[in-house]
Amino acid sequence: MRRVIELQVALNGAVTHPAMPRTADEIAADARACVDAGATLLHLHAFDDDGVESLEAGPVGRMLRAVRASCPGIPVNVTTFAEIVPDPAERLRLVESWTELPDLVAANQGEDGIDEVSAVLAARGVGIEACVLGTGDVERFLRRGDWWRFERLVVEPLEEDTDDALALDALMEDMVAAAGVRLPQLHHGVGRASWHVARRAVGRGHAIRTGLEDTTVLEDGSPAASNRELTEAAATLLRSVGRARS
């Protein structure tokens with residue numbers, strides 16, 4: 001049986017778009033629409049009552065409860081992005097205070113304090129995605145030598161230029177392969193280049209990601225109206241490239 005390629009949708013973040021959800025109810029409704037359109041994984045940022053990104057237990061818990069009610073059985077990944085809380089000690093304190101836990105978190109390997117955040121959450125049964133944004137992150141990830149403790153490797157060539165994004169994507173994948181890392185991989189880019197990164201990834205059997213956090217345009221460069229529209233486009237890409245592979 002052919003392995004199903006996962007489609008993660010990153011609904012929100014530090015972007016400006018009229019359809020981007022912020023409240024727990026908005027996120028839950030948008031998540032349901034994306035799952036109906038083909039999403040199999042969700043990546044989420046919580047927002048406080050003032051509409052500001054937050055790692056506080058209250059906003060994170062409200063979001064998780066709402067999304068799990070609307071999307072039962074769908075794995076939920078929550079950000080631990082250092083730009084939300086730049087101080088490593090404060091970020092760790094907030095994560096330790098979480099009473100509602102996600103299924104997974106995204107752990108950017110280049111961030112100070114990410115090992116401590118990952119260890120605290122892993123000890124509580126949360127899966128950790130190791131995220132690499134450049135060759136320096138890959139080198140740091142490989143130096144740890146304990147890649148098997150992660151759920152998957154997320155390769156993120158965040159270059160606006162398509163050629164640059166594809167080149168970085170290939171380079172990071174080659175570095176990981178040369179080191180013998182056998183984790184499942186998920187690849188995503190940003191902007192219009194994200195679609196080229198996705199096509200390359202699906203062609204190689206890797207999971208992909210889309211959503212308003214990553215891109216506000218479709219593959220042809222036209223504006224995306226919503227996360228659902230991006231999800232539908234990515235699901236179509238998965239089917240078309242999958243047929244070509246088979």
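Everything numeric in this text was worked out from a predicted model, so none of it was measured.

Basis of the calculations
- Residues numbered from 1 in each chain as written.
- Predicted model: local features only at pLDDT ≥ 70, side-chain atom pairs only at ≥ 80, totals over all residues.
- Heavy atoms only, no water.
- Helix = DSSP H or I, 4+ residues; strand = E, 2+ residues; numbered from the N terminus.
- Expected span 1.5 Å × (residues − 1).
- Buried < 20%, exposed > 50% of the residue type's maximum accessible area, 1.4 Å probe, protein only.
- Contact = heavy atoms within 4.5 Å.
- Polar contact = N/O pair within 3.5 Å; in protein donor to acceptor, adjacent residues only side chain to side chain.
- Pairing = 2+ DSSP bridges.
- Axes fitted to C-alpha atoms, helices over the stretch in contact; angles between N-to-C directions.
- Salt bridge = Lys/Arg side-chain N within 4 Å of Asp/Glu carboxyl O.
- Core = buried A, V, L, I, M, F, W, Y, C linked by side-chain atoms within 4.5 Å.
- Phe/Tyr/Trp six-rings, centres within 6.5 Å; stacked < 30°, edge-to-face > 60°.
- Disulfide = S-S within 2.5 Å.

Enquirer: Tell me about helix H6 (residues 162-178), and please be specific about residues and values.
Expert: Given a rise of 1.5 Å per residue, 17 residues ought to cover 24 Å, and the 24 Å separating the end C-alpha atoms of H6 matches this to within 8%. For H6, the complete set of buried residues consists of Ala-165, Leu-168, Asp-169, Ala-170, Met-172, Glu-173, Met-175 and Val-176. On its buried face, H6 is in contact with strand E7 (127-132), helix H5 (135-144), strand E8 (152-155), strand E9 (185-187) and helix H7 (193-203). You can read the cap of H6 off the contacts: a side-chain oxygen lies 3.1 Å from the backbone nitrogen of Asp-163, and it is on Asp-161. Phi turns positive one or two residues past the end of H6, at Gly-180, with a value near 80°.

Enquirer: If you had to explain the environment of Trp-195 to someone new, which residues and values would you point to?
Expert: Tracing the backbone through its elements, the reader meets Trp-195 in helix H7. In this structure Trp-195 comes out as buried when scored by relative accessible area, which is 2%. Along the sequence, Trp-195 and Ala-14 sit 181 residues apart, while their C-alpha atoms lie 20 Å from each other. When neighbours within four sequence positions are excluded, Trp-195 is seen to be in contact with Thr-210, Thr-215, Val-217, Leu-218, Glu-219, Leu-230, Ala-233, Ala-234 and Leu-237.

Enquirer: I'd like a rundown of the pairing of strand E2 (residues 41-44), residues and numbers included.
Expert: Walk down a regular strand and you will see the side chains alternate between the two sheet faces. Burial along E2 is two-sided: the face carrying Leu-41 and His-43 and the face carrying Leu-42 and Leu-44 are both buried. Here strand E1 (residues 7-10) runs beside E2; their pairing, made up of 3 bridges, is parallel. When the bridges of E2 are listed, Ala-10 appears paired with His-43. Where E2 and strand E5 (residues 76-79) come together, 3 bridges link them in parallel fashion.

Enquirer: Help me get a handle on the sheet that holds E2, residues and values and all.
Expert: Strand order in the closed barrel made by the 8 strands is E1-E2-E5-E6-E7-E8-E9-E10, with parallel pairing throughout. Across the sheet, the mean angle from the axis of one strand to that of its neighbour is 25°, orientation sign disregarded. Pairing geometry for E9 and strand E10 (residues 207-210), over 2 bridges, is parallel. Across the sheet, residue His-187 finds its bridge partner in E10, namely Ile-208. Along the sheet face, helix H2 (residues 57-70) touches E2 and E5 and points at about 160° away from the line of E5. Those strands touched by H7 are E9 and E10, and its axis lies near 165° from that of E10.

Enquirer: Give a detailed account of the pattern of salt bridges, specifying residues and quantitative values.
Expert: A side chain of one charge can pair with a side chain of the opposite charge if their charged atoms are brought near each other. Applying the stated rule across the entire model yields 17 salt bridges. Note that Arg-32 is salt-bridged to Asp-36, the shortest N-O span being 2.8 Å. Taken as a pair, Arg-32 and Asp-36 lie in helix H1 (residues 24-37) at a separation of 4 residues, close to a single helical turn. Taking the relative accessible area as the measure of exposure, Arg-32 reaches 29% and is therefore partly exposed. Among the residues examined, Asp-36 registers a relative accessible area of 49% and is labelled partly exposed. By sharing partners, the salt bridges in this structure join Arg-65, Arg-68, Glu-100 and Asp-103 into a single network.

Enquirer: Tell me what's going on with the nonpolar core, and back it up with residues and numbers.
Expert: The biggest cluster of nonpolar side chains holds 48 residues, and the ones touching the most others in it are Leu-42, Leu-44, Val-67, Trp-98, Leu-121, Phe-141 and Leu-153. Formed by 18 residues, the second largest nonpolar core is a distinct cluster that contains Leu-7, Met-20, Ala-198 and Leu-212.

Enquirer: How would you summarise the packing of aromatic side chains if you had to cite specific residues and measurements?
Expert: In the structure shown here, the tally under the stated rule is 2 aromatic pairs. Their ring planes at 55° and their centres at 5.7 Å tell us that Phe-141 and Phe-150 sit as a pair that is tilted. With respect to burial, Phe-141 and Phe-150 carry one shared label: buried. Each ring, one from Trp-147 and one from Trp-148, has its centre 5.8 Å from the other, and the planes form 70°; the classification is edge-to-face.

Enquirer: Quick rundown of the state of the cysteines? Include the residues and the values.
Expert: Overall, the coordinates contain 0 disulfides when judged by the stated rule. Cys-34 carries a free sulfur, and the closest cysteine sulfur to it, the one in Cys-71, is 8.5 Å from it. Cys-131 carries a free sulfur, and the closest cysteine sulfur to it, the one in Cys-34, is 19 Å from it.

Enquirer: Give a description of the side chain of Thr-231 that names residues and reports values.
Expert: When you line up the elements, Thr-231 lands in helix H8 (residues 227-245). A relative accessible area of 0% places Thr-231 in the buried class. In this structure the side chain of Thr-231 is engaged in a polar contact, spanning 2.8 Å, whose partner is the backbone oxygen of Asn-227.

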